[in-house]
Amino acid sequence: PAYDVTYMLLAPFWLYGLFAAVARPELWPLAAPIPFSVAVFTFLGGPASRYRQGIAPCLVLLGVWGLWRLRERVPAAWPRLVGSWAAFNAVAWLFAPQIRAGALAVKALLW
C-alpha cells in the first residue's frame, strides 16, 4: 500500500496521546474508537487498510495532543525529536517502493 501520512507520520504521537489519554477521562471518547477499531478489523477485516479512514480524525487529534504533551514533557529535545521523525518519514516516503520491496522480501524469507 501507499505511504499513509495519518497513520505513519503521526504514529508515535497518536500512540503517545492514546496512552496518555488513559489518565484523562475527557479524552476517552476520542481514544476509545482506536483500539476497538483496530481489534475488530484485525480479527474480521483481513488485510485491508481502509478501516483507518473512519478513525483518521481521532488519530490526527490524538497525534496533535501527543505532540503538545511531548513538547511539555521534553521541551529541549522536542525540536530534535520531531525533526528527526519528520526527516525519517521523508526518506521513507521518497524510498517507499524500495522499502516495500525489502519488507516483502524479508516477509517471504520468514513465511
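Placed above this text is the structure.
Predicted model, so just to flag it, every value in this text is computed and none were measured.

Trainee: What is the right way to read a nonpolar patch on the surface from this model?
Mentor: Side chains of Val91, Trp93, Leu94, Phe95 and Ile99 sit close together on the surface and give an oily, nonpolar patch of about 540 Å² of accessible area. Of the residues forming the nonpolar patch, the biggest block, three residues, is contributed by helix α6 (residues 78–94). Summarising the element assignment, Val91 is placed in helix α6.

Trainee: It is not clear to me how the packing of α6 against helix α7 (residues 96–110) should be interpreted in this structure. Could you clarify?
Mentor: Each pair of packed helices can be summarised by the angle the axes make with each other and by the distance between the axes. For the pair α6 and α7, the least separation of the axes is 5 Å and the interaxial angle reads 80 degrees. When the axes of α6 and α7 are compared, the pair comes out roughly perpendicular. Residue-level contacts link Ala92, Trp93 and Leu94 of α6 to Ala96, Pro97, Gln98 and Ile99 of α7. Across the contact of α6 with α7, the residue classes tally to six nonpolar, one polar and no charged.

Trainee: Please explain the pattern of salt bridges as it appears in this structure.
Mentor: Close approach of charged atoms allows side chains with opposite charge to pair. In this structure the tally under the stated criterion is two salt bridges. Notably, a salt bridge pairs Glu26 with Arg24, separated by 2.6 Å at the nearest N-O pair. The exposure class assigned to Arg24 is partly exposed, which follows from its relative accessible area of 32%. Glu72 is the partner of Arg69 in a salt bridge, and the nearest nitrogen-oxygen pair spans 2.8 Å. Within this pair, Arg69 and its partner Glu72 are both found in helix α5 (residues 52–73), separated by three residues, close to a single helical turn. The partly exposed category is assigned to Glu72, whose relative accessible area is 41%.

Cut-offs applied
- Residues numbered from 1 in each chain as written.
- Predicted model: local features only at pLDDT ≥ 70, side-chain atom pairs only at ≥ 80, totals over all residues.
- Heavy atoms only, no water.
- Patch = residues over 30% accessible without salt bridge, like charges linked within 9 Å, V, L, I, M, F, W, Y side chains within 5 Å.
- Areas by Shrake-Rupley, 256 points an atom, 1.4 Å probe, with all protein chains shown as cover.
- Salt bridge = Lys/Arg side-chain N within 4 Å of Asp/Glu carboxyl O.
- Helix = DSSP H or I, 4+ residues; strand = E, 2+ residues; numbered from the N terminus.
- Axes fitted to C-alpha atoms, helices over the stretch in contact; angles between N-to-C directions.
- Parallel < 35°, antiparallel > 145°, perpendicular 65-115°, else oblique.
- Contact = heavy atoms within 4.5 Å.
- Nonpolar A, V, L, I, M, F, W, Y, C, P; charged D, E, K, R; others polar.
- Buried < 20%, exposed > 50% of the residue type's maximum accessible area, 1.4 Å probe, protein only.

Honestly, it's all geometry; don't read function into it.
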